[in-house]
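Chain and residue survey
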Amino acid sequence: MDKNLSGEDNDSIDWDTEDELEIQEIPDTTFSSCTNLRNVGQHTVRCHGEASSSSVPCQSKFIQQFIVMGFPEESIAKAIEQNGENEDLVLDALLTFKALEDSPEEQPSTSLQLEPCISSDDSSSQYSENFLDDIYEEDSWSSNSDNCINSADQCYLRDESSSLSEKEQTLLFLANMGYPVEEASIAMERCQKASLAELIDFMCAAQMAREEDVYLPEDVKPKLNSGGYKKRKMYNELCIRKKQRALLDEETIALPNPMIGFGVPTESVPGIVQRILPEQAIGPPYFYYENVALAPKGVWDAISRFLYDIEPEFVDSKYFCATARKRGYVHNLPIEGRYPLLPLPPHTIHEAFPLTKKWWPSWDTRIKLNCLQTSIGSARLADRIRKAMEAMENFGGEPPVRVQKYVLYECRKWNLLWVGRNKVAPLECDEVEMLLGFPRNHTRGGGISRTDRYKSLGNSFQVDTVAYHLSVLKDLFPKGINVLSLFSGIGGAEVALYRLGIPLNNVVAVEKSEVNRNIVRSWWEQTNQRGNLIDFDDVQKLNGDRLEHLIDSLGGFDLVIGGSPCNNLTGSNRVTRDGLEGEDSALFFDYVRILELVKSIMSSRRV
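Residues numbered from 1 in each chain as written. Predicted model: local features only at pLDDT ≥ 70, side-chain atom pairs only at ≥ 80, totals over all residues. Heavy atoms only, no water.

Quick look at the overall build of the protein now. Scanning the protein from terminus to terminus reveals 21 helices and 13 strands. Across the protein, the fraction of contacts at a sequence separation of at least 24, relative to all contacts at a separation of at least 6, is 74%. As displayed, the protein has an accessible area near 27500 Å², and 49% of this comes from carbon and sulfur atoms. (Helix = DSSP H or I, 4+ residues; strand = E, 2+ residues; numbered from the N terminus. Contact = heavy atoms within 4.5 Å. Areas by Shrake-Rupley, 256 points an atom, 1.4 Å probe, with all protein chains shown as cover.)

The next thing to look at is helix 7 (residues 181-190). Buried residues of helix 7: Ala184, Ala187 and Met188, and no others. All buried residues of helix 7 project into a common sector of 100 degrees when viewed along the axis, lining one side. Exposed side of helix 7, more than 90 degrees from the buried face: Glu182, Glu189 and Arg190 are the residues found there. (Buried < 20%, exposed > 50% of the residue type's maximum accessible area, 1.4 Å probe, protein only. Arc of directions from axis to C-beta.)

Turning next to unusual backbone geometry. Residue Asn257 is joined to Pro258 through a cis peptide bond whose omega torsion reads 5 degrees. Residue placement: Pro258 occurs in the loop between helix 9 (227-250) and strand 5 (286-292). The step from Leu342 to Pro343 runs through a cis peptide bond, and the omega angle for that step is 0 degrees. For Pro343, the position within the fold is in the loop between strand 7 (326-331) and helix 11 (349-352). Even without being glycine, Tyr308 reaches a positive phi, approximately 65 degrees. Along the polypeptide, Tyr308 turns up in the loop between helix 10 (299-306) and strand 6 (313-316). The phi angle at Asn415 is positive, at roughly 55 degrees, despite the residue not being glycine.

With that settled, the discussion passes to the packing of aromatic side chains. Counted by the stated rule, this structure contains 14 aromatic pairs. Between Tyr286 and Phe477 the ring centres are 6.4 Å apart and the planes differ by 85 degrees, which places this aromatic pair in the edge-to-face class. Note that Tyr286 is positioned in strand 5 and Phe477 in the loop between helix 17 (473-476) and strand 10 (481-486), a separation of 191 residues in sequence. A relative accessible area of 13% means that Phe477 is categorised as buried. One aromatic cluster in this structure is built from Tyr289, Phe306, Phe588, Phe589 and Tyr591. (Phe/Tyr/Trp six-rings, centres within 6.5 Å; stacked < 30°, edge-to-face > 60°.)

Going through the model one piece at a time under the given rule, you end up with 15 salt bridges. For Glu390, the salt bridge goes to Arg386, with nearest N and O atoms at 3.1 Å. With a gap of 4 residues between them, Glu390 and Arg386 both fall in helix 12 (residues 379-394), about one helical turn apart. On the basis of relative accessibility, which here comes to 30%, the residue Glu390 falls in the partly exposed class. Across the salt bridge formed by Asp535 and Arg521, the nearest N and O atoms sit 3.3 Å from each other. Taken together, the residues span a long stretch of sequence, with Asp535 in strand 12 (residues 532-536) and Arg521 in helix 19 (residues 514-526) at a distance of 14 residues. One connected set of salt bridges, linked through shared partners, spans Asp383, Arg386, Lys387 and Glu390. (Salt bridge = Lys/Arg side-chain N within 4 Å of Asp/Glu carboxyl O.)

Moving on to helix 13 (residues 401-414). Between its terminal C-alpha atoms helix 13 stretches 20 Å, which fits the 20 Å expected from 14 residues at 1.5 Å a residue. Counted residue by residue, helix 13 has 11 buried out of 14 residues, so it is predominantly covered. Those residues of helix 13 that sit buried are Arg402, Val403, Gln404, Tyr406, Val407, Leu408, Glu410, Cys411, Arg412, Lys413 and Trp414. One or two steps after helix 13, the chain reaches Asn415, where phi turns positive at roughly 55 degrees. (Expected span 1.5 Å × (residues − 1).)

As a further point, take the nonpolar core. Most often, soluble globular proteins have nonpolar side chains that are buried together. Within the largest apolar cluster, 88 residues are counted, with the highest numbers of intra-cluster contacts made by Phe66, Phe71, Val407, Leu470, Leu473 and Leu559. Counting residues per element, this core draws most heavily on helix 12, which supplies 7 residues. Beyond its immediate stretch of four places on either side in the chain, Phe66 contacts Phe71, Ile76, Glu87, Val90, Leu91 and Leu94. Core analysis: the second largest hydrophobic core is formed by 44 residues, Ala281, Ile303, Val592 and Val598 among them. (Core = buried A, V, L, I, M, F, W, Y, C linked by side-chain atoms within 4.5 Å.)

The next subject is the side chain of Ser485. Within the fold, Ser485 resides in strand 10. In terms of polar contacts, Ser485 uses its side chain to reach the side chain of Glu494, at 3.3 Å. Contacts of Ser485, omitting those with residues within four sequence positions, involve Glu494, Val508, Ala509, Val510 and Ile561. (Polar contact = N/O pair within 3.5 Å; in protein donor to acceptor, adjacent residues only side chain to side chain.)

Residues Glu313 and Val315 line one face of strand 6 and the alternating positions Phe314 and Asp316 line the opposite face, and both faces are buried. Sheet topology note: the strand 6/strand 7 ladder contains 4 bridges and is antiparallel. What sits directly across from Phe314, in strand 7, is Gly328. (Pairing = 2+ DSSP bridges.)

With respect to the element layout, Glu313 can be found in strand 6. Taking relative accessible area as the criterion, Glu313 reaches 0% and is therefore assigned buried. Along the backbone, Glu313 and Gly261 are 52 residues apart, and their C-alpha atoms lie at a distance of 4.7 Å. Engagement of the side chain of Glu313 in a polar contact is seen with the side chain of His331, the distance being 2.8 Å. Of the polar contacts made by the side chain of Glu313, one reaches the side chain of Arg338; its length is 2.9 Å.

Below, the discussion takes up the pairing of strand 11 (residues 504-510). Burial of strand 11 is extensive: 6 of the 7 residues sit out of reach of the surface. For strand 10 and strand 11, the ladder comprises 6 bridges, and the chain directions are parallel. Counted as the bridge partner of Asn482 is Asn506 from strand 11. Handedness of the crossover joining strand 10 and strand 11 through helix 18 (residues 492-499) is recorded here as right-handed. (Right-handed = clockwise from strand over helix to strand, strands pointing away.)

In the contact formed by helix 14 (residues 429-436) and helix 15 (residues 450-458), the axes pass within 10 Å of each other and the chain directions differ by 15 degrees. Relative to helix 15, helix 14 is oriented roughly parallel. The handedness of the crossing between helix 14 and helix 15 is left-handed. Within the contact between the two elements, helix 14 uses Cys429, Asp430, Val432, Glu433 and Leu436 and helix 15 uses Arg450, Arg453, Tyr454 and Leu457. (Axes fitted to C-alpha atoms, helices over the stretch in contact; angles between N-to-C directions. Parallel < 35°, antiparallel > 145°, perpendicular 65-115°, else oblique. Left-handed = near helix turned anticlockwise from the far one by under 90°.)

The next point concerns the confidence of the model for the protein. The share of residues in the protein with pLDDT of 70 or more is 68%, and the mean pLDDT across the chain is 75. Taken as a whole, residues 1-58 scores under 50 in pLDDT and shows 157 contacts with residues more than four places along the chain or in a different chain. Predicted confidence is poor over residues 247-252, with pLDDT under 50, and the contacts of this stretch with residues over four places away or in other chains come to 16 contacts. (pLDDT = per-residue confidence, 0-100.)

Okay, the state of the cysteines next. As enumerated under the stated definition, the model contains 0 disulfides in all. Cys321 takes part in no disulfide bond, and the closest cysteine sulfur to it belongs to Cys371, at a distance of 9.7 Å. In this structure Cys321 comes out as buried when scored by relative accessible area, which is 1%. (Disulfide = S-S within 2.5 Å.)

What follows is the structure in structure tokens.
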């Protein structure tokens, strides 16, 4: 499991995967005043309501509607200057600026303050899920979010059909970024045939050199934190973001649609599903391996190759509960005779949370929640949405489409529920437990912080999905089962087997997080398990000698189950998405190593 971040959760916790822009508090009756002179389109707006004869009142109605949505005045002015008073274009530009500010790269000291969120991680590499992973299949709204990101090209890059020459377009682009025309011309002359990024680096280096020149008068030294530097930073972030989107688009496998694997209880599989396992893969011991479905290209091919060339079974948990969870499973379990856990869990949002139906707006068409993450939206984000909704009511009733699109994007991204009039809220820990199939209060108590609960749940199995696959074991092991649970987390596999009515004779659980080990130990005692629970803290320390001792004392293992960390596989990791070669996701090879050792030792004992 990935490294755990302990500590009480509060609004001061920050994270750098999908940060939210911080905005000034907006009073209920008045809007914040302008702080400086700025040009908005062709209007000159002055502080404290002073205006020239050609001006409009400070913060016109057109500007106010974006302020109440939480966008900074500076960004609004910039978007209007570039696009005029076209509401859709201005909104797309504002969302683009926000996306650029949300980059995982280190922000300059002058950047806008970011919205704190309740989080369990310090870096994007620890983030277990990717919001983009869940805009697959029928989620047609994803095209809107794509437009928000891709519109950055429209903000900074000139159309290829422009009448300007390539050199003139480059010069104009650099000038728009804030570089003096003279500097840009000199750089283009000295760096002929250089790319745009190389030209920017050249001019930035020149600025830094002049900044450090002790003989240069202070009044002519460049200010590195000026708008030009910030625009250069935004351009670099745009390039990085485009590369990352290319990685998502080009290096991910084509997932089946619908994602039902070899069958789910609510959907029929077209045709008769048959599979023939290689001889060396036939159990017992049975094995079951899980990880994120939308991994980089070649990852699932490699996983399959190391696990006896068994075809992965890709399943979305939305067919079992009210939330999506796209996962791939490689196993040698039989696929005939499966059955679901009873009672069946709620399959829609309103079935799971009936009290929300009263407040649910007609334009929020969500039926299922997106994948549950290790982090949740902040209280300030919920308050921002409330103010935007109330302000739109004051302007004339139901929010316009642009506001609906903004609110719905945030609701989908953070799995926000409507809990009152114009009020949204993130899921509580108990609600996440219910959606994932765990018993109530499974992760509560014992000194476990709210932050740790969200992290542990976000990294867990969806119990109903896994139980459906494991249900075939009940007839195979009527007297009970011995389980080797690798990367056991909060015991999703153990809970699934217990709910299926399969006695747990012996469970060896290997989990790095002490918080998670304590959760499993507490559940084991509260459910009065009669078997033995043995835990270890590191799969890398589970060597042949230890396994031989365990197999001799317990009589072997009937099931080897687990899912190695997905930190270097998930699309939300924009920094170290290195596939199975990544530091954390490389632990998959320890799963393979241990499985091979178990099979070898048990085979030698049978001879």
